[in-house]
Amino acid sequence: MREQLSWQPDFEQLVEEHQSMVFSLAWRMTGDRGLAEELAQDVLLELDRNLHKLGSADHVRFWLRQVTLHRSADALRRKRTKAASLGTDVWVELEERHVLVEPFEMEDESPLGVRIEELLATLPESQRAALVLRYQEDLTPEEIAVTLKTPLATVKSHLQRGLKLLRVKASQTLKEYVRGT
Amino acid sequence: MERKDMARKELSEQELAEFEQKLKFAMQHRAAPLGLKQRVLARARERRQTGHGRLWIMQRLAASIVLAAMFGGFAVYRQAEERAAEQKRGEQAREQVLTAMRITSRTLNRVNERLAETGR
């Protein structure tokens with residue numbers, strides 16, 4: 001309550017603080033860098049419209065994660081609907097698009113880091129969301145359950161299966177894992 | 001056989017643990033695209049100005065409506081007042097005519113009486 005009364009949010013500062021998080025979350029959920037940039041912009045603008053409803057820095061973080069995930073899921077759904085109506089395979093489209101994207105920030109990137117968005121895009125959405133919240137945002141399974149409004153047992157299952165599946169995909173794609181180094 | 005299975009399981013768990021560590025490193029935040037913050041701030045400013053502009057227009061419109069209602073009400077009141085005054089003037093004129101007619105009638109009666117007296 002005290003924090004609520006004394007908390008005077010500065011929108012510019014919040015954008016500076018959270019833009020990377022929102023962008024990374026959107027990119028790893030959609031697998032599309034360009035789309036992630038659009039989504040990040042929309043989410044941050046929505047933050048400006050709703051800032052008066054948010055009572056603390058933690059609340060802002062929670063809100064941003066939730067809204068980014070929802071917007072990403074909506075965007076993926078629209079893509080699937082569009083692809084279905086056109087008769088194309090959206091996952092093939094995603095992979096092709098990702099191959100065309102110029103790699104950047106290559107310094108100090110592990111082989112896994114370079115391809116992480118591509119690998120995540122091959123997972124079911126629910127597992128992807130759980131893994132991103134766990135390993136990007138460092139949330140506990142309990143916090144993930146609250147963010148996703150999903151039972152804890154389901155979250156743990158998504159994390160376990162998602163991790164194993166991602167490991168398998170990585171071994172199929174990256175030399176580092178094929179060699180077992 | 002069981003030891004081999006156990007070893008395979010442990011390796012697999014060890015591999016997963018190592019993979020988790022690598023995953024944490026790989027999933028660090030990506031830097032936001034250049035200019036994202038500036039674009040967001042510019043659009044937020046624009047939205048606020050448009051919102052303020054609309055508010056300004058609505059306020060002016062509301063004030064104009066109130067003023068128009070006030071002036072209109074005053075005009076109606078003045079018209080009603082004038083009509084009442086006119087009606088009063090009309091009644092006054094009517095009274096004057098009636099009075100004149102009464103005077104004329106009395107005068108005529110007196111004249112008739114005199115004539116009647118002199119005629120005898």
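Quick summary incoming for the structure in this document. Quick caveat, the model's predicted, so the values are computed rather than measured.

What follows is about the overall build of chain B. When its secondary structure is counted, chain B shows two helices and zero strands. In chain B, buried positions account for 11% of the 120 residues. A total accessible area of about 10,500 Å² is found for chain B, and carbon and sulfur atoms account for 58% of it.

Contact with chain B, which involves 25 residues of that partner, is made by 42 residues of chain A. Taking both sides of the interface into account, the surface hidden between chain B and chain A amounts to around 3,300 Å²; carbon and sulfur atoms contribute 62%. Taken as a group, Phe 19, Met 27 and Arg 30 of chain B account for 26% of the area that chain B buries against chain A, more than any other trio of residues on that side. At the surface where chain B touches chain A, the tally comes to seven salt bridges. For the salt bridge of Glu 15 of chain B with Arg 167 of chain A, the shortest nitrogen-to-oxygen distance reads 3.6 Å. Of all the secondary structure elements, the ones that give two or more residues to the side of chain B that touches chain A are α1 (2–26) and α2 (36–119) of chain B. For the side of chain B that touches chain A, the residue count by class is 13 nonpolar, two polar and 10 charged.

Let's shift gears to the packing of helix α2 (residues 11–30) of chain A against helix α7 (residues 125–136) of chain A. A pair of packed helices is characterised by two quantities: the angle between their axes and the separation of those axes. Residue and element names in this part refer to chain A. The contact between α2 and α7 brings their axes to 10 Å, and the two run at 150 degrees. The orientation of α2 with respect to α7, classified from their angle, is roughly antiparallel. Between α2 and α7 lies a crossing whose hand is right-handed. Here Met 21, Ser 24, Leu 25, Arg 28 and Met 29 of α2 lie close against α7, whose contacting residues are Glu 125, Arg 128, Ala 129, Val 132, Leu 133 and Gln 136. Among the residues forming the contact of α2 with α7, the class breakdown is six nonpolar, two polar and three charged.

Let us look at helix α9 (residues 152–173) of chain A. For an α-helix, 3.6 residues make a turn, and residues three or four places apart therefore share a direction. All names here are of chain A. Helix length check: α9, at 22 residues, gives a terminal C-alpha distance of 31 Å against a target of 32 Å (1.5 Å per residue), a fit within 8%. When α9 is considered as a whole, its buried residues turn out to be Val 155, His 158, Leu 159, Gly 162, Leu 163, Leu 166, Arg 167 and Ala 170. Seen along its axis, α9 keeps its buried residues to an arc of 155 degrees; they face one direction. Turned more than 90 degrees from where α9 packs its buried face, Ala 153, Gln 160, Arg 161 and Gln 172 sit exposed.

All names here are of chain A. Each pocket or cavity is described by its volume, and for the largest pocket that value is around 230 Å³. Taken together, 13 residues make up the lining of the largest pocket; nearest its centre are Leu 69, His 70, Ala 129, Leu 148 and Thr 150. Elements with a contribution of two residues or more to the lining of the largest pocket: α4 (57–86), α7 and α8 (141–148). It is α4 that provides the largest number of residues to the lining of the largest pocket, a total of four residues. Looking at the lining of the largest pocket residue by residue, the class counts come to five nonpolar, six polar and two charged.

Residues and elements named next belong to chain A. Applying the stated rule across the entire model yields 18 salt bridges over all chains. Here Glu 117 makes a salt bridge to Arg 28, at a shortest N to O gap of 3.0 Å. Of this pair, Glu 117 sits in helix α6 (residues 111–120) while Arg 28 sits in helix α2, and the two are 89 residues apart along the sequence. When the shortest N-O distance is used, the salt bridge between Glu 46 and Arg 71 registers 1.9 Å. Remark: Arg 71 occurs in helix α4 and Glu 46 occurs in helix α3 (residues 33–50); sequence separation between them is 25 residues.

Rules behind the numbers
Residues numbered from 1 in each chain as written. Chains lettered and ligands numbered in written order. Predicted model: local features only at pLDDT ≥ 70, side-chain atom pairs only at ≥ 80, totals over all residues. Heavy atoms only, no water. Helix = DSSP H or I, 4+ residues; strand = E, 2+ residues; numbered from the N terminus. Buried < 20%, exposed > 50% of the residue type's maximum accessible area, 1.4 Å probe, protein only. Areas by Shrake-Rupley, 256 points an atom, 1.4 Å probe, with all protein chains shown as cover. Contact = heavy atoms within 4.5 Å. Buried area = accessible area lost by both parts, 1.4 Å probe. Salt bridge = Lys/Arg side-chain N within 4 Å of Asp/Glu carboxyl O. Nonpolar A, V, L, I, M, F, W, Y, C, P; charged D, E, K, R; others polar. Axes fitted to C-alpha atoms, helices over the stretch in contact; angles between N-to-C directions. Parallel < 35°, antiparallel > 145°, perpendicular 65-115°, else oblique. Left-handed = near helix turned anticlockwise from the far one by under 90°. Expected span 1.5 Å × (residues − 1). Arc of directions from axis to C-beta. 1 Å grid on protein atoms, 1.4 Å probe; cavity = no way out; pocket = protein on both sides within 12 Å on 5 of 7 lines; lining within 4 Å. Points joined across faces, edges and corners; volume = space filled by probe spheres on them.

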